[in-house]
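# Coordinate inspection notes
Listed below are the residues making up each chain.
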Amino acid sequence: MRYIEPHAHMVSRVTDDYAAMATAGCQAVCEPAFWAGFDRGGAQGFHDYFRQLTDYEPKRAAKFGLPHYAWLCINPKEAEDMKLADEVLAMIPEFLEESNVLGIGEIGLNKNTRNEMAVLEKHVDLAARHGQLILVHTPHLEDKFKGTRLILDLLAADGRLDPGRVIIDHAEEHTLPLILEAGFWAGITLYPESKCTPARAIDMLEVHGQERVWLNSACDWGRSDPLAVPRTALEMRKRGHSPEVIDRLLFENPKRFLAQCPKFHL
Amino acid sequence: MRRDQVLDHYFLEARSKLIDLAAFLDRLERADGEEDFRAAAFRRACEELLSAQPERAKRILLAFSDLSTELAKAPGGPACGAS
Ligand SMILES: [Zn+2]
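Note that the structure is a prediction, hence the values are computed from the model and not measured. (Residues numbered from 1 in each chain as written. Chains lettered and ligands numbered in written order. Predicted model: local features only at pLDDT ≥ 70, side-chain atom pairs only at ≥ 80, totals over all residues. Heavy atoms only, no water.)

We now examine the coordination of the zinc ion. All names here are of chain A. At 1.9 to 2.1 Å from the zinc ion lie its protein donor atoms, namely H7 (NE2), H9 (NE2) and E106 (OE). Positions of the donor residues of the zinc ion along the chain correspond to the pattern H-x1-H-x96-E. In this pair, H9 is assigned in the loop between β1 (3–5) and α1 (15–24) and E106 in strand β4 (residues 101–108), connecting sequence segments 97 residues apart. In this structure E106 comes out as buried when scored by relative accessible area, which is 5%. (Donors = N, O, S within 2.8 Å, 3.2 Å for Na, K, Ca; no water. Helix = DSSP H or I, 4+ residues; strand = E, 2+ residues; numbered from the N terminus. Buried < 20%, exposed > 50% of the residue type's maximum accessible area, 1.4 Å probe, protein only.)

Here it is in structure tokens:
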């Protein structure tokens, strides 16, 4: 089989994970900028991180024949510090020129605060002015429903955005229909504990269709599984889904969304 | 999938998860001290399991969700799974 991992935090993973993903049929890996698990000391920390995402990490992936792409932003958790957020936002345009940068992400909300919302708006404006794709993170657990609705309202209010160029990630049963009805793409994250299992993900696709959906592992420094996407393919096969349907979902769908950025090619 | 196929594929796994939930509630009740809002949200969500309506997963997620709409002034603590 072949698949694309459209959301993985490979800087937090060991090299063996690249080997396992390539062995399982991964054709490309995409890495949104995120929270490191601790707050960085200042804007220089983000500058180093963006260099890692645009220079070092693609070389590590290339050793396994994997094209590596990146998304840039200051994550919503650290965006609570608005002065830091402004400094990081100011350095993003220089990195947008890099050959592996696909867009702005993963922006969004964490605890649904005023500051997070203000910085989200600035990121959306940056993306709109530079014609970038957008990848949105929705909050965790009890904050997801409220945060998803706030994000959808903010995006809908910006007349410059084409919903077909925005993906809203970490959707679950209570948020997926809202995202799809608003015309956006939706991501479903396969996590051992806090987000969604393969069985639930396939249930959602069987109910809501799979036209504008991608699946990802969002593997990072927490409990997560870099092979969650191919494991879901196995679950789909068990349910009798054809190889063509699986390929369309796990390879063609992310390719169709990502290829809206001309830098994405396989 | 037909219903018998769903049962063939998922019954034992679901049975095991249900017994885990029952054991969790037993453990919670055996323990000392007061329950908090998480236990209350959990019991509300359990009621949805026995409902005859579809979209149980969605309604359980909503039972654990913050349904307010106003923005928070400050972040507070990390998400804990119930509201
Ligand atoms: Zn992520």
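Bringing the domain arrangement of chain B into the picture now. All names here are of chain B. Along its sequence, chain B is carved into domain 1 (1–33) and domain 2 (35–65). Contacts between the two partners involve seven residues from domain 1, matched on the other side by five residues from domain 2. Taking both sides of the interface into account, the surface hidden between domain 1 and domain 2 amounts to around 470 Å²; carbon and sulfur atoms contribute 75%. Contact with domain 2 buries area across many residues of domain 1, yet L21, L25 and L28 alone supply 60% of it, more than any other trio. On inspection of domain 1 and its partner domain 2, the count reaches one salt bridge. Here R43 makes a salt bridge to E29, at a shortest N to O gap of 3.4 Å. The residue inventory of the side of domain 1 that touches domain 2, partitioned by class, reads five nonpolar, one polar and one charged. (Domains from an automatic or database assignment. Contact = heavy atoms within 4.5 Å. Buried area = accessible area lost by both parts, 1.4 Å probe. Salt bridge = Lys/Arg side-chain N within 4 Å of Asp/Glu carboxyl O. Nonpolar A, V, L, I, M, F, W, Y, C, P; charged D, E, K, R; others polar.)

Here the focus is helix α9 (residues 243–258) of chain A. In an α-helix, one full turn covers 3.6 residues, which means residues spaced three or four apart are oriented alike. All names here are of chain A. Taking 1.5 Å per residue as the helical rise, α9 with its 16 residues ought to reach 22 Å, and the 22 Å between its terminal C-alpha atoms agrees with that figure. By the largest-angle criterion, E252 marks the main kink of α9, which is about 35 degrees, and a proline, P254, follows within four residues. All buried positions along α9 are accounted for by I246, D247, L249, L250, F251, N253, P254, F257 and L258. (Expected span 1.5 Å × (residues − 1). Bend = angle between axes of the 7 residues up to and from the residue.)

As a further point, take the interface of chain A and chain B. Contacts between the two partners involve 22 residues from chain A and, on the opposite side, 26 residues from chain B. Taking both partners together, chain A and chain B bury about 2100 Å²; carbon and sulfur atoms supply 61% of that area. When the area that chain A buries against chain B is broken down by residue, the three leading residues are R114(A), E142(A) and K146(A), summing to 30%. Summed over the shared surface of chain A and chain B, the number is one salt bridge.

In this section: the confidence of the model for chain B. Residues and elements named next belong to chain B. Taken as a whole, chain B shows an average pLDDT of 95; of its residues, 100% reach a score of 70 or greater. The least confident element of chain B, judged by mean pLDDT, is helix α2 (residues 37–49) at 95; the most confident is helix α1 (residues 3–30) at 97. Overall fold confidence for the complex sits at a pTM of 0.97, while the interface term, ipTM, reaches 0.94. (pLDDT = per-residue confidence, 0-100.)

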